[in-house]
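# Reading the structure
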Amino acid sequence: MTDETDPERETEMHLREALRHLGEAQQGDLRKTNAVALEEVSNTVSSVLREHEQDG
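Notes on the structure follow. (Residues numbered from 1 in each chain as written. Predicted model: local features only at pLDDT ≥ 70, side-chain atom pairs only at ≥ 80, totals over all residues. Heavy atoms only, no water.)

Looking now at the environment of H14. Note that H14 resides in helix α1 (residues 7–27). C-alpha separation for the pair H14 and S46, spaced 32 residues apart in sequence, amounts to 9.9 Å. Those residues in contact with H14 that sit more than four places away from it in its chain are T44, V48 and E51. (Helix = DSSP H or I, 4+ residues; strand = E, 2+ residues; numbered from the N terminus. Contact = heavy atoms within 4.5 Å.)

Here it is, written out as structure tokens:
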């Protein structure tokens, strides 16, 4: 199994992406509004939860 298909690796990648979006929102990144960044975090967390439900 490669890193690209490893569910734990994918979960880690999604969680790191969510943290990055939160950091951008906290820093007031002008390329994104806080609402957009928070929506992206919400979508990422939802994806992670769905992956865990499928694995279980």
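Between α1 and helix α2 (residues 34–55), whose axes approach to 8 Å, the crossing angle comes to 165°. In terms of orientation, α1 and α2 fall into the roughly antiparallel class. Handedness of the crossing formed by α1 with α2: left-handed. Across from P7, E10, T11, H14, L15, E17, A18, H21, L22 and A25 in α1, the residues of α2 making contact are N34, A37, L38, E40, V41, T44, V48, E51, H52 and D55. Its residues assigned to classes, the contact of α1 with α2 shows 9 nonpolar, 6 polar and 5 charged. (Axes fitted to C-alpha atoms, helices over the stretch in contact; angles between N-to-C directions. Parallel < 35°, antiparallel > 145°, perpendicular 65-115°, else oblique. Left-handed = near helix turned anticlockwise from the far one by under 90°. Nonpolar A, V, L, I, M, F, W, Y, C, P; charged D, E, K, R; others polar.)

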